[in-house]
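Summary of the model geometry
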Amino acid sequence: MRMAIPRTVREDFPIFRRRVHGKPLVYLDSAATSQKPRQVIEALVRYYEEYNANVHRGIYTLAEEATAKYEEARRKVATFIHARRPEEVIFTRSTTEAINLVAYAWGLHYLREGDEILLTEMEHHSNLVPWQIVASLKGASLRFLSFDEEGYLVLDDLERVLTERTKVVAVSHQSNVLGTINPVDEIVKRAHDVGAIVVVDGAQSVPHMPVDVQKLGCDFLAFSGHKMCGPTGIGALYGRYELLEAMPPFHGGGEMIQLVQLHTSTYKDPPWKFEAGTPNIADAIAWGVAIDYLCEVGMEAIRTHEKELVQYALNRLQEMAEVKVYGPRDVERRGSALAFNVADVHPHDVAQVLDQEGICIRAGHHCTQPLHRRLGVAATARASFYLYNTEEDIDQLVAGLQRVRELFSRVPR
Amino acid sequence: MSLDELYKETILDHYAHPRNKGKLNNSTITVEGANPLCGDEISLYLLVEGGRIVDVRFEGRGCSISQASTSMMTEIIKGKDLSQVRALIDAFKGMMHGKEPEIDLGDLVALQGVRKFPVRIKCATLAWIALQQALDSFEERGAVVTRVVEE
């Protein structure tokens, strides 16, 4: 079948030349981290070979070039998510650090005893643990929106769990296990009605579909570079400028200050107020190049391509009676992270057998222990797709799963 | 490196038909072992009388390697006195780290293939480390309920 993205896109990714256990690489773990196109790898090398210098304080050519490229990357990130201005984008180490930034800088400052933080039962640990810590420091409590059998949030419960005590709603835009795309715009409206801010974990959505923070209406959005063809170690927090202005800093140190005296200091304006210390210059610049790359392919095309792949995968897996798939069946309401289990075979054994065939999938709790407890399983296997995956990859997965069945059916009766 | 070496029939047999599975209500030692990274979990129930393991049961869920290793372990330690059990623990852990066992490990020898898959060694040793720590606490303080988390 002709897909939204031609398979020639794979030629941009040097890693696909690699073989694993003598087999061609079938990479189905992009929800954990994506592969990198040559353009991004070359951008890293170019920075270190041609204009490596610290940003924001040099008055020599190299430092000016590095600063210009670093700030250009910020503009690219801001445009990509439709922020009103580049100053609404803070570079962080990761999605995790971005969420911690909000939890600590906003949460410690604004939360009071008795306040409530509303999360969902499908959150990644990175959008759960920081809130547990901050809630316990401030005497606030956590409440949870559950999800139904199909993996959709039970929005009817908002009535009950979203009250005037709710100060923060923190929700994943797209589940890293179930694949569910949550109706963030609707949740934002309801949250704003009670005066709560909304923090969106966009780690799994921003890489895979067009995301517009103004349309979503969210107050904060956290996401990472490495899941969207960029390098590891770089992420961002989008925050509405008025909120960033009113918030105290997260980390103190160089680069974030205006005037430092022995007992007090004044800080720069956002976003630099939140970027203490030498930032991750190389990876920010390379992330900007990854965004150029994704824009050239087209985010709409990527979303369409993934819908085609997930539909194909759902159809193929349905042929196997012993495979149970979790999460929504409607590809309009789900992304490409696909969790499943093979009857009577632990996901680790599934992943081990697939590895021998050159197929990379994830097995475990995928940093979502409460979600797995809710599903009533200790672990799941997960395949996830991106622009470079093909229907043949899914055929390989299905063939690999048949091999799993064969191996485990040798069990003596 | 063949998968048949890892998933030997003996292992699949113990995984599909675990021995001594269940709970022991009169146990002297109860120990839980968990590997949070994998989601492997086991609970061991041991009845110790006169320095001998007179009965043992286990509950658990996890991969074939962790569950088969636990099943085989219960089989071999049942009826043994504690010093023999200690020797078995040493021999098994040694084997998983490349040492030839000097005592007969029975079915457990099937787990030797796991050595070629380093990330899975922890699955095989989970129950043994839990047992070892339980015995340590037991010999210090008598009856114990303890929890071991393997990182």
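Residues numbered from 1 in each chain as written. Chains lettered and ligands numbered in written order. Predicted model: local features only at pLDDT ≥ 70, side-chain atom pairs only at ≥ 80, totals over all residues. Heavy atoms only, no water.

**With respect to the interface of chain B and chain A**
- If you look at the interface, chain B gives 24 residues, while chain A gives 22 residues.
- Roughly 1,900 Å² is buried in total at the junction of chain B and chain A, and carbon and sulfur atoms are behind 56% of that figure.
- Counting the surface chain B buries against chain A, the share from its top three residues, Leu3, Tyr7 and Leu12 of chain B, is 28%.
- Between chain B and chain A we count one salt bridge in total.
- Among the salt bridges present, the one from Arg120 of chain B reaches Asp349 of chain A, with a minimum N-O distance of 2.7 Å.
- For the pair chain B and chain A, the interface holds six residue pairs in polar contact (both at pLDDT 80 or more).
- Within the residue set of the side of chain B that touches chain A, elements represented by two or more residues are helix H1 (3–6), helix H2 (9–16) and helix H3 (64–77) of chain B.
- Per-class residue counts for the side of chain B that touches chain A are 13 nonpolar, four polar and seven charged. (Contact = heavy atoms within 4.5 Å. Buried area = accessible area lost by both parts, 1.4 Å probe. Salt bridge = Lys/Arg side-chain N within 4 Å of Asp/Glu carboxyl O. Polar contact = N/O pair within 3.5 Å; in protein donor to acceptor, adjacent residues only side chain to side chain. Helix = DSSP H or I, 4+ residues; strand = E, 2+ residues; numbered from the N terminus. Nonpolar A, V, L, I, M, F, W, Y, C, P; charged D, E, K, R; others polar.)

**Quick notes on the layout of surface pockets**
- Here the largest pocket is characterised by a volume of approximately 1,100 Å³.
- As for the largest pocket, its lining consists of 45 residues, and the residues nearest its centre are Asp29, Ala32, Arg362, Ala363 and His366 of chain A.
- Of all the elements in the fold, those that place two or more residues in the lining of the largest pocket are helix H3 (95–110), helix H11 (347–356), strand E15 (359–360) and strand E16 (362–364) of chain A together with helix H5 (121–141) of chain B.
- At four residues, the largest contribution of residues to the lining of the largest pocket is made by H11 of chain A.
- Broken down by class, the residue content of the lining of the largest pocket amounts to 16 nonpolar, 18 polar and eleven charged.
- Both domains that furnish three or more residues to the lining of the largest pocket are identified here as domain 1 (7–32 + 299–404) and domain 2 (41–295) of chain A.
- In this structure, the second largest pocket encloses a volume near 350 Å³.
- Lining the second largest pocket are 19 residues; nearest its centre among them are His173, Ile181, Asn182, Met209 and Glu332 of chain A. (1 Å grid on protein atoms, 1.4 Å probe; cavity = no way out; pocket = protein on both sides within 12 Å on 5 of 7 lines; lining within 4 Å. Points joined across faces, edges and corners; volume = space filled by probe spheres on them. Domains from an automatic or database assignment.)

**Describing the domain arrangement of chain A**
Residue and element names in this part refer to chain A.
- Assigned domains of chain A: these are domain 1 (7–32 + 299–404) and domain 2 (41–295).
- For domain 1 versus domain 2, the distance between C-alpha centres works out to 28 Å.
- Each partner contributes to the interface: domain 1 provides 38 residues, whereas domain 2 provides 33 residues.
- Interface area, domain 1 with domain 2, both sides summed: about 2,800 Å², of which 58% is carbon and sulfur.
- On the domain 1 side of the contact with domain 2, Met299, Leu371 and Arg374 bury the most area, a combined 24% of that side's loss.

**Remarks on the environment of Tyr238 of chain A**
Residues and elements named next belong to chain A.
- Secondary-structure assignment places Tyr238 in strand E10 (residues 235–239).
- For Tyr238, a relative accessible area of 0% corresponds to the buried category.
- Considered as a pair, Tyr238 and Glu87 are 151 residues apart in the sequence and their alpha carbons are 8.9 Å apart.
- The residues touching Tyr238, leaving out its near neighbours within four places in the chain, are Ile81, Ala83, Arg84, Glu88, Val213, Cys218, Asp219, Phe220 and Leu221. (Buried < 20%, exposed > 50% of the residue type's maximum accessible area, 1.4 Å probe, protein only.)

**So, the pattern of salt bridges**
- All told, the structure shown has 35 salt bridges over all chains when counted by the stated rule.
- In this structure, Arg143 of chain A and Glu116 of chain A form a salt bridge, with 3.7 Å as the shortest nitrogen-oxygen distance. Of this pair, Arg143 of chain A sits in strand E6 (residues 141–145) while Glu116 of chain A sits in strand E5 (residues 116–120), and the two are 27 residues apart along the sequence.
- A relative accessible area of 23% means that Arg143 of chain A is categorised as partly exposed.
- One salt bridge connects Glu139 of chain B with Arg86 of chain B, and the closest N-O pair in it is separated by 2.8 Å. Taken together, the positions of Glu139 of chain B in helix H5 and Arg86 of chain B in helix H4 (residues 82–96) put the pair 53 residues apart, joining distant regions of the chain.
- Taken together, the shared-partner salt bridges connect Lys23, Glu357 and Arg403 of chain A into one network.

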